[in-house]
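# Chains, contacts and geometry: an overview
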Amino acid sequence: MEIWDKEGEHRLISIKDVIKTYHSKGGAVKAVDHVNLEINEGEIFGVIGYSGAGKSTLIRMLNGLEIPTTGSINVAGREVSKIKGAKLRKARQEISMIFQHFNLLWSRTVADNIAFPLEIAGVPKPKRDQRVKELIQLVGLDGREKAFPSQLSGGQKQRVGIARALANNPQVLLCDEATSALDPQTTDSILELLVDINKRLGLTIVLITHEMHVIRKICHRVAVMEAGKIVESGPVLEVFKNPKQPITKRFVQQVTEPEETRDTIDHLLDRFPHGQVVQLTFVGEAAEQPLITELIRQYELTVNILQGKISQTQHGSYGTLFIHLDGDEREVEKAISYISSQGVGMEVIENG
Amino acid sequence: MDEFLNDIKWDKLIEATNETIYMTSISVVATFIIGLLLGLLLFLTGKGGLWQNRLINFVIAAFVNVFRSIPFIILIVLLIPFTRALVGSMLGANAALPALIIGAAPFYARMVEIALREIDKGVIEAAQSMGANHFQIIFKVLIPESLPALISGLTVTTISLVSFTAMAGVIGAGGLGHFAYLEGFQRNRPLITLVATIAILILVFIIQFIGDYFTKKTDKR
Ligand SMILES: Nc1ncnc2c1ncn2[C@@H]1O[C@H](COP(=O)(O)OP(=O)(O)OP(=O)(O)O)[C@@H](O)[C@H]1O
Ligand SMILES: [Mg+2]
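Residues numbered from 1 in each chain as written. Chains lettered and ligands numbered in written order. Predicted model: local features only at pLDDT ≥ 70, side-chain atom pairs only at ≥ 80, totals over all residues. Heavy atoms only, no water.

## Here we look at the overall build of chain A
Counted only if it meets this: Here a strand is any run of E in DSSP of at least two residues, a helix any run of H or I of at least four, and the numbering for each starts at the N terminus. Exposure categories follow from relative accessible area, calculated using a 1.4 Å probe and restricted to protein chains: below 20% of the type maximum is buried, above 50% is exposed, and the middle band is partly exposed. The Shrake-Rupley method, run with a 1.4 Å probe, gives the accessible areas here. Residue values count only the displayed protein chains as cover. In summary, the charge assignment counts Lys and Arg as positive and Asp and Glu as negative, without counting His or the chain termini. In this description, the location of a charge corresponds to atom NZ of lysine, CZ of arginine, CG of aspartate or CD of glutamate.
Broken down by element type, chain A carries 12 helices and 15 strands. On the principal axes, the C-alpha backbone points of chain A span a range of 80 × 50 × 45 Å. Considering chain A as a whole, with its 352 residues, one finds that 54% of them fall into the buried category. Roughly 16400 Å² of accessible area belongs to chain A as shown, and the carbon and sulfur atoms make up 47% of that amount. Measuring between centres, the 42 positive side-chain charges of chain A sit 12 Å from its 45 negative side-chain charges.

## What to know about the domain arrangement of chain A
Residues and elements named next belong to chain A. Rules: As annotated, the domain borders come from an automatic or database domain assignment. Whether two residues are in contact is decided by their heavy atoms: any pair within 4.5 Å suffices. By buried area we mean the combined loss of accessible area, with a 1.4 Å probe, across both parts when two parts are placed together. Just to be clear on terms, a salt bridge is a Lys or Arg side-chain nitrogen sitting within 4 Å of an Asp or Glu carboxyl oxygen. All amino acids are sorted into three groups, where Ala, Val, Leu, Ile, Met, Phe, Trp, Tyr, Cys and Pro are nonpolar, Asp, Glu, Lys and Arg are charged, and the leftover types, Gly among them, are polar.
Here the domain parsing of chain A yields domain 1 (3-254) and domain 2 (258-351). Using only C-alpha atoms to locate each centre, domain 1 and domain 2 end up separated by 38 Å. Contacts between the two partners involve 13 residues from domain 1, matched on the other side by 12 residues from domain 2. At the boundary of domain 1 with domain 2, total buried surface from both sides reaches about 1000 Å², with 61% on carbon and sulfur atoms. Interface area lost by domain 1 to domain 2 is led by Arg216, His220 and Leu237, which between them contribute 49%. At the junction of domain 1 and domain 2, the tally comes to zero salt bridges. Of the residues assigned to the side of domain 1 that touches domain 2, the class counts are seven nonpolar, three polar and three charged.

## Details of the environment of threonine 158 of chain B
All names here are of chain B. Stated formally: As used in this structure description, the phrase polar contact means that two N or O atoms lie within 3.5 Å; if the pair is within protein, one of them must be able to donate a hydrogen and the other to accept it, and residues adjacent in sequence are counted only when both atoms belong to side chains.
Secondary-structure assignment places threonine 158 in helix 8 (residues 134-173). Residue classification places threonine 158 among the buried positions, given a relative accessible area of 10%. Here the alpha-carbon distance between threonine 158 and leucine 97, two residues 61 residues apart in the chain, equals 13 Å. A polar contact of 2.6 Å, which involves the side chain of threonine 158, links it to the backbone oxygen of leucine 154.

## A word on the site of ligand 1
Residue and element names in this part refer to chain A. Here is the rule we go by: If a single non-hydrogen atom of a residue is within 4 Å of a molecule or strand, that residue counts as near it.
Around ligand 1, the neighbouring residues are Tyr22, Val29, Ala31, Tyr50, Ser51, Gly52, Ala53, Gly54, Lys55, Ser56, Thr57 and Glu177. Here threonine 57 contributes a side-chain N or O atom positioned 2.5 Å from an oxygen atom of ligand 1. For ligand 1, whose free accessible area comes to 630 Å², the fraction covered by protein is 60%. Counting residues per element, the shell around ligand 1 draws most heavily on helix 1 (residues 55-61), which supplies three residues. Taken together, the residues of the shell around ligand 1 break down into five nonpolar, five polar and two charged.

## Quick notes on the interface of chain A and chain B
Opposite the 22 residues of chain A that make contact, chain B presents 22 residues. Between the two partners, chain A and chain B, sit two salt bridges. Here glutamate 125 of chain B makes a salt bridge to arginine 60 of chain A, at a shortest N to O gap of 2.4 Å. At the surface where chain A touches chain B, the tally comes to eight residue pairs in polar contact (both at pLDDT 80 or more). Within the residue set of the side of chain A that touches chain B, elements represented by two or more residues are helix 2 (85-92), strand 7 (95-99) and helix 3 (110-120) of chain A. The dominant element in the side of chain A that touches chain B, judged by the number of residues it contributes, is helix 3 of chain A, at four residues.

## Notes on a nonpolar patch on the surface
All names here are of chain B. Inclusion rule: Patches in this entry comprise residues that are over 30% relatively accessible and not in a salt bridge; like charges within 9 Å are linked, as are nonpolar side chains (Val, Leu, Ile, Met, Phe, Trp, Tyr) within 5 Å.
A cluster of nonpolar residues, Leu194, Ile198, Ile202, Ile206, Phe209, Ile210, Tyr213 and Phe214, forms a patch on the protein surface that exposes about 800 Å² of accessible area. Within the fold, isoleucine 206 resides in helix 10 (residues 190-218). By relative accessible area, isoleucine 206 is classed as partly exposed at 44%.

## Quick look at the sheet that holds strand 7 of chain A
What links the strands of a sheet is backbone hydrogen bonding, and the strands pair in either a parallel or an antiparallel sense. Residue and element names in this part refer to chain A. The line we're drawing: One bridge is not enough; two strands pair if DSSP finds at least two bridges between them. Interaxial angles span 0 to 180 degrees and are taken between N-to-C directions of axes, which are lines fitted to C-alpha atoms, for helices over the stretch in contact.
Spatial strand order, 7-8-9-4-10-11: six strands in an open sheet with mixed pairing. The open sheet has two edge strands with one neighbour each: strand 7 and strand 11 (229-235). Direction aside, neighbouring strands of the sheet carry axes that sit 15° apart on average. Two strands pair when backbone bridges link them, and strand 4 (residues 44-49) and strand 10 (residues 221-226) are joined in this way by five bridges, in the parallel orientation. Residue pairing across strands places valine 47 opposite alanine 223, the latter belonging to strand 10. Most of the contacts of helix 5 (residues 154-166) go to strand 7, to which it runs at about 170°, and overall it touches strand 7 and strand 8 (172-176).

## Let's talk about the pattern of salt bridges
Applying the stated rule across the entire model yields 25 salt bridges over all chains. Across the pair arginine 11 of chain A and glutamate 38 of chain A runs a salt bridge, and its minimum N-O distance is 2.7 Å. A residue pair is termed long-range when its members are at least 10 positions apart, and arginine 11 of chain A in strand 2 (residues 10-24) and glutamate 38 of chain A in strand 3 (residues 27-40) qualify at 27 residues. A network of salt bridges, in which partner residues are shared, links Lys20, Arg60 and Glu66 of chain A together with Glu125 of chain B.

## Topic: the pairing of strand 4 of chain A
Within a regular strand, the side chains alternate between the two sheet faces. All names here are of chain A. Across the six residues of strand 4, six count as buried, placing the element largely inside the fold. Here strand 4 shows no split at all, with Ile44, Gly46 and Ile48 on one side and Phe45, Val47 and Gly49 on the other all buried. Pairing analysis gives five bridges linking strand 4 to strand 9 (residues 204-209), with the strands arranged parallel. Residue isoleucine 48 lies in a different strand from strand 9, and its bridge partner there is threonine 209.

Encoded structure:
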């Protein structure tokens, strides 16, 4: 069954009314609660939530590692929530997965780890060797094919994980906290690799994380999960621009505002009794405009940059900037109305 | 000293050593196969296992525990009717084999189960997520990933088997135990007992050395 949505995008994954309940000694836990999601082909889709939100449970239902209590899950034309046995195993070769702790076979070399899914799929030896070579090159592990996982760094291990996941030319790559065990720099290099794979192979990627940084860096769309429910979703930039739920706001703050911002605003207002403190929110192209330069050139003002942070997302920049405008009252007012005409979000911070 | 050495029937010692090696090797091979099978079944039918099944798990666990708890010397006696029916006699090295195997396999099965439990659950899950079937998971993941522990467990089991053969020897199975008991103890020649003991020790050291070598060689962690 092929489904096309209004914009003509090919819908690859659809999750309909899915509930997953676990029964344990303490009673029933609804790990996933009435989730509906549609993911398009070629998209990098992120699910973010705090620990225990149900992210892993959700993503594990996409390859049948968990079966929904009710509802249906369709991936690449297959009803994953219903199929079993050989059919499910075949489907799994097209829906591959990478893990937080890499889950490599320590008894096998890098090359043999990558060959593993090919052995499972019954690919003959000469073809397997050829494919392993290609994959090693794709993930940048040339020269390490004879090494054992214990001799690799975390980032290299995840590269093996990615190569292994790509071996059978899957349609979907599921990433369960794939960078959570890595340092920030290694995280960035793995994320870049994922973007590269997404662009080069057109591979659909579903990733779950608790770091907004990861969403910001590579996702096209995001869903925010809390207590088993999707509480908010949309294109990453939209969500950054206009977070609705308190939890989403907190996640957005993770990447746009230095931790201490809120606390220091009052302090800023005390320091600048004259003029105005203004918070600017840049989204998309607006972030690239030389707004501050224009302000200084066109108006008789002193502009102090107090604090700010600009982040890149897949569809442009997003950021906040706190500035202090000082000068003649009329000039300040004119400057403020100029800013609002520039498609930049603006909020005048009042003395509370 | 020369006198003493001449006193020892070297050809008999060599024959006894060969018998011990024969009994140990055959029973090790059988113990490995049966123990691995039982251990795998214990693991797979256990909680959270691929073939989770309370009843089968309980039955195997009970069997393993019972035979692991019976002292070997009593096990031999208990198994006399069974051995007679199977081998036809109670004398000779072959007569010792059923008791050796039934005594050692449950012991090894537990070690196999422990070794398999040590495998990271995530690795099994990764194999499943790649579409591996149960056969592939057993032969490509479970056994290779637990190989060092399987080998070190087999080393310990083999050494126990050497001492089991000595006990079986006293009852009439031949081997170094028999030699020490009959030629040394009963004829009151302690030197012969000592020489037989040294032969057993050398055997144990060789087994330990080979076992350690392969455990280290297979461990890439
Ligand atoms: N096999 C299970 N049996 C019982 N409860 C479970 C099981 N798996 C998950 N849960 C429960 O379901 C809820 C969601 O768990 P899940 O692992 O999906 O969260 P998560 O968002 O991935 O969290 P984390 O970021 O910590 O990985 C938790 O309350 C958890 O305790
Ligand atoms: Mg999780």
